[in-house]
Amino acid sequence: MRTNQPQTIYLNEYQVPAYLVDHVDLRFELFEDGARVHSTMTVRKNPESSQADAPLELNGDSLKLESVTLDGSQLAGDAYEEQGDKLVVHTVPAQFELNVVTWIEPQNNTRLEGLYKSSGMFCTQCEAEGFRCITYYPDRPDVMAVFRTRVEADKADYPILLSNGNPIEQGELEGGRHFVTWEDPFPKPAYLFALVAGDLVEKKDTFTTCSGRSIDLRMYVEPRNSAKCDFAMDALKRSMRWDEEVYGREYDLDIFMIVAVDDFNMGAMENKGLNIFNSSCVLASQETATDASFQRIEAIVAHEYFHNWSGNRVTCRDWFQLSLKEGFTVFRDAQFSADMGSPTVKRIEDATLLRTAQFAEDAGPMAHPVRPASYMEISNFYTLTIYEKGAEVVRMIHNLLGDELFRKGSDLYFERHDGQAVTTDDFVRAMEDASGRDLSQFRLWYEQAGTPVVTVSDEYDKQSGVYRLNIRQSIPDTPGQSGKKPQHIPFALGLLDQTGQPLPLNLTADEQNGPEERVLELTDAEHSFEFYGLSDRPVPSLLRNFSAPVRVQYPWTREQLLFLMSHDPDGFNRWDAGQRLAVDVIQSLMEASGDAEIDSRLVEAYRSLLNDTSLDQALVAKMLLLPSEAYLVELADQADVPAIHEARERVLTHLATSLREELVACYRRSLAQGDYQLTPDAIAHRSLRNTALAWLLHIKDVEGLAFALDQYQTADNMTDRLGALRALVNSDFVDEREKTLADFYDQFRDDPQVVEMWFSVQAASHQAGQLPQIKALLQHSAFDWKNPNKVRSVIGAFAGQNLAGFHKADGSGYQFLADQVCRLDDSNPQIAARLISPLTRWKKYAPQYGQQMKAALEHVRNKNELSRDVYEVVLKSLA
Ligand code: 0A1
Ligand code: ZN
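Residues numbered from 1 in each chain as written. Chains lettered and ligands numbered in written order. Predicted model: local features only at pLDDT ≥ 70, side-chain atom pairs only at ≥ 80, totals over all residues.

An unreviewed UniProt entry lists the protein under the name Aminopeptidase N, with Marinobacter litoralis as the source organism. On record in UniProt, under Cofactor (unreviewed entry), the comment for the protein is "Zn(2+)". (UniProt positions renumbered as here; feature names shortened; annotations may be inferred.)

### Looking at the overall build of the protein
For the protein, the helix and strand inventory stands at 27 helices and 31 strands. Its C-alpha atoms give the protein a radius of gyration of 28 Å, within 12% of the compact-globule value 29 Å for 879 residues. Counting all 879 residues of the protein, 50% fall into the buried class. Sequence-distant contacts, at least 24 apart, represent 70% of the contacts inside the protein between residues at least 6 apart. (Helix = DSSP H or I, 4+ residues; strand = E, 2+ residues; numbered from the N terminus. Rg over C-alpha atoms; globule rule 2.2 N^0.38 Å. Buried ≥ 20, exposed ≤ 12 C-beta atoms within 10 Å, placed from the backbone. Contact = placed C-beta atoms within 7 Å.)

### Observations concerning the site of ligand 1
The local shell around ligand 1 holds 15 residues, among which E127, M266, M269, S379 and Y382 are the closest. Elements represented by at least two residues in the shell around ligand 1 include exactly β20 (268-269) and α2 (291-306). Residues belonging to the shell around ligand 1 are distributed by class as follows: five nonpolar, six polar and four charged. (Near = placed C-beta within 6 Å. Nonpolar A, V, L, I, M, F, W, Y, C, P; charged D, E, K, R; others polar.)

### Observations concerning the sheet that holds strand β27 (residues 489-496)
The sheet built from three strands is open, its strands ordered β28-β27-β30 with antiparallel pairing. Each edge of the open sheet is held by one strand with a lone partner, namely β28 (518-522) and β30 (539-542). Strand-to-strand, the axes of this sheet are offset by a mean angle of 35°, without reference to chain direction. One ladder, built from four bridges, connects β27 with β30; its direction is antiparallel. When the sheet's bridge partners are listed, L493 is paired in β30 with L542. (Pairing = 2+ DSSP bridges. Axes fitted to C-alpha atoms, helices over the stretch in contact; angles between N-to-C directions.)

### Overview of the pairing of strand β7 (residues 80-83)
Inspection of the sheet shows β7 paired to strand β8 (residues 86-89) by four bridges, in the antiparallel sense. Within β8, the residue paired with E82 across the bridge is L87. In sequence, β7 turns back onto β8 through a hairpin of two residues, with G84 there showing a positive phi of about 60°.

### So, the domain arrangement of the protein
Domain annotation for the protein reports domain 1 (24-279), domain 2 (314-446), domain 3 (453-547) and domain 4 (554-699). Just the C-alpha atoms count here: the centres of domain 1 and domain 4 sit 49 Å apart. (Domains from an automatic or database assignment.)

### Focus on the environment of A618
When you line up the elements, A618 lands in helix α11 (residues 617-623). Residue A618 is classed as buried on the basis of its C-beta count, with 21 C-beta atoms lying within 10 Å. The sequence separation of A618 and D681 amounts to 63 residues, and the corresponding C-alpha distance is 6.5 Å. If we skip the residues at most four places from it in the chain, A618 touches S342, V345, P680 and A684.

### Here we look at unusual backbone geometry
Leave glycine aside and you will find that most residues have negative phi; peptide bonds, for their part, are mostly trans. In this chain, E127 is followed by A128 through a cis amide linkage whose omega measures -5°. The residue A128 is located in the loop between β11 (121-125) and β12 (145-154) in this model. Positive phi, normally seen in glycine, also occurs at S62, with a value near 55°. Mapped onto the secondary structure, S62 falls in the loop between β4 (56-59) and β5 (64-70).

### Thoughts on the pairing of strand β21 (residues 274-278)
Burial analysis of β21 places five of its five residues in the buried class, the great majority of the element. Residues of β21 alternate between two faces, with L274, I276 and N278 on one and N275 and F277 on the opposite face, all of them buried. Where strand β19 (residues 255-261) lies against β21, five bridges are found, and the strand directions are parallel. When the sheet's bridge partners are listed, I258 is paired in β21 with N275. Where β20 and β21 come together, two bridges link them in antiparallel fashion. Among the inter-strand pairings, M269 is bridged to a residue of β21, identified as I276. Linking two consecutive strands that pair antiparallel, namely β20 and β21, is a turn of four residues; a positive phi of about 70° is found at G273 within it.

### Let's talk about the UniProt feature "domain: Peptidase M1 membrane alanine aminopeptidase" (unreviewed entry) in the protein
Taking the UniProt record as the reference, the feature "domain: Peptidase M1 membrane alanine aminopeptidase" (unreviewed entry) is found at residues 231-442. Taken as a whole, residues 231-442 contains 56% helix and 9% strand, while its terminal C-alpha atoms sit 39 Å from one another.

### Remarks on helix α15 (residues 680-698)
The end-to-end C-alpha distance of α15 is 27 Å, a good match for the 27 Å that 19 residues give at a rise of 1.5 Å each. Counting buried residues in α15 gives 15 out of 19 residues, a clear majority hidden from the surface. A positive phi of about 55° marks K700, the residue just after α15. (Expected span 1.5 Å × (residues − 1).)

### Quick word on the packing of helix α26 (residues 847-861) against helix α27 (residues 868-878)
At a closest axis distance of 10 Å, the pairing of α26 and α27 adopts a crossing angle of 140°. In terms of orientation, α26 lies oblique with respect to α27. Helix-helix and strand crossings are classified by hand; for α26 and α27 the assignment is left-handed. Residues L857, E858, V860 and R861 of α26 touch α27, and the partners they reach there are V870, V874, S877 and L878. Along the lines of polarity and charge, the residues of the contact of α26 with α27 split into five nonpolar, one polar and two charged. (Parallel < 35°, antiparallel > 145°, perpendicular 65-115°, else oblique. Left-handed = near helix turned anticlockwise from the far one by under 90°.)

### Here's the deal with the packing of helix α3 (residues 322-340) against helix α5 (residues 384-417)
At a closest axis distance of 7 Å, the pairing of α3 and α5 adopts a crossing angle of 70°. On the basis of their axis angle, the class for α3 and α5 is roughly perpendicular. Of the residues in α5, those in contact with L322, S323, E326, G327, F328, V330, F331 and A334 of α3 are I386, Y387, E388, G390, A391, V393, V394 and R395.

### Observations regarding the confidence of the model for the protein
Averaged over all residues, the pLDDT of the protein equals 97, while 100% of them reach at least 70. Note on the complex model: pTM 0.99, ipTM 0.99. (pLDDT = per-residue confidence, 0-100.)

### As for the sheet that holds strand β9 (residues 95-104)
As summarised here, the arrangement of the eight strands in space is β6-β5-β9-β3-β2-β12-β15-β14, forming an open sheet in which the pairing is mixed. The open sheet terminates on both sides in strands that have one partner only, identified here as β6 (73-74) and β14 (166-173). Sheet analysis places β5 next to β9, joined by six bridges and oriented antiparallel. Bridge pairing in β9 places S67 opposite V101.

### Some remarks on the environment of V314
Secondary-structure assignment places V314 in the loop between α2 and β22 (315-316). The class for V314 is buried, based on 23 C-beta atoms found within 10 Å. C-alpha of V314 to C-alpha of L324: the two residues are 10 residues apart in sequence and 9.4 Å apart in space. Excluding residues within four positions of it along the chain, V314 makes contact with W309, Y413, F414, H417, D418, Q420 and V422.

Right, dumping it as structure tokens:
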């Protein structure tokens, strides 16, 4: 139980800062038992602030204050005060220089916020509020200063000393120490500050910008990772070129650096000129990384690089505006990934994440708008809503404006706000001003939480040839918000005739050759659209390419879904029709009695997918994947996980048994695709092969077992090796599974990224990941409570992906998670607060499960000295 209630911060209480900092001069003395930080700030009163004689207030957290000096005179103890998490200097002139010296202990920092040590190197994480763990400072994004940073450390142990900007000086010091000074000419908020000191190898490359400037590119990694840098370096160069070509954005410093660290709370961080990455999001080689990892790394490298403009040059005024940089940057990295690979597959992946996890967040106790109105702990707001839904909101603006006007809008935004800290409203205004469009109703996407439900019905009149679509929208209540207004929804659609040909969409009786696809703009609660000149009832293809983040309801028949699966020219909707059909079949099994029949049309549809090699194999690979258990939970009213799991498994068994010959043929065909390549086509074939393998092992096929063992032994890449291992782990072949798991560990025990995969393959499996096995993994010598990746790969994978293992009728999974969250809360509250998320949706589950999930949350609430992070999540979940 927390004794003091954390404060809630409100957007509508925003005030401009009372003081601004123009320059900061930092000097870090790094030692094994701590670090001394000297900070000299040039401060002045903010002319725009109404707080005329306000004292100077600086934020601080876990600091030992050594001295405060104002304009050269050390202040006496009564001139300032340390008030909890603040340093208050009572009286200051209009302009002054303030020097603050603090002592910190990076070696004991397990929260991984501020300056900490990871595998012997010093590194930082300052977003959102980590800089205050380094020194006293106005730690808010609208205070932007020019930073100069001198780093001093032992030369033998820390030969590499890095910070933001360009290096300007370096030299030797007494006692085997040395220093490097860095200067970043671009004013920035403190959250973009970074420092790294370690014994790292340096990988070098260069990039010539569109204006002919040569940029030094550097990657710094531990020596054992030196062979795992090439892919990220190439991805960086592709990102730099793409941002020039598509957004006209050129890199601005002389050097761009990437550092890999093993202990990191998130994926990566866009610090100016010095991006710091979680090792698992940047290091890769053919032998150690799967196709999914390569794609993820490419996307994250691009994401962090793109932040240089969308986030750094133009930053956020306050943390309520987080989606200003994150939503826009995720949209940009998604466009980039689509351009680098298959746009349809990328769209399917993004929509899957949104519909499975973001819709769940939007329907749960932590639901918040893309621009939240309040928070207790900002770290809890790095959410799918801010990132993924935020990106969808930007995508909708793109859909409404079209390519050219959107680019005009982004040019105007960057030009108008370069060097400023701004709001999502400023972003929308730039789009409006550049395009002449009125986006006032559209702004509701930023203000209202919850996923709009779009309900469609249709009528066809043979005589007049008119087809009418009636479309209603409603937005469910969310915590603190009810009675919402209709939003501006771009709704893309097409109509197909009975042979699958696209029909012209004529919106008036006079129109003849209307386009084959239209984006209808829904602005009212109800609309009717009439389409003329149709001699037969058409089949509607709705919300093409997932043109808005909404739920669509329409009474599809299975015939219509089968038809769309094979005829829709929109690849996304082909896939979606297949998903809807599979969901319908699984759900009807759950409603029917024990051994109800499975619709043979589903089997036939999958048979043609497997047989028809003329189809886009990347799309086929996606279409073969059944909807996940998590998605089925999302669609349920009162989810009964064991029932969902069983019904889905039955469908899988039936499909695999009926299509055994096709699966074997597909497996053989995809094997014959030649040498390893990282092209969309080669990736599709590996995906097909591993799906076929998983299905064959699911039905305990002995030929499948032989394929798997052989593939495991002979694979020349991690996608195939791990694919075979995963298929074995998820099978009943217990001996082979155990032997292969042991072999895999032996082979890769020295590679943390691969060991993390080894953990998560087991933890996510309902066969190998029952609670006793999960507890054993926590005892494994490679498990490390201090390493977030290890925690996520065991506990996170168990609670988030192994639904059948986690949701047990006796509540043991819930109690287990609650205990681990309590344990982690003391060392790393950010990770603890993220890990608890599966419990927060207890109302979604059938009461015999939901009540026990609630009890587990209550158990966490009763813990002593709960962090603000976990407290906020638990409080809101139990409200
Ligand atoms: N801005 C980074 C993500 C990030 C956010 C918060 C962190 O610590 C609380 C760390 C990284 C990005 O979007 O990549
Ligand atoms: Zn980001």
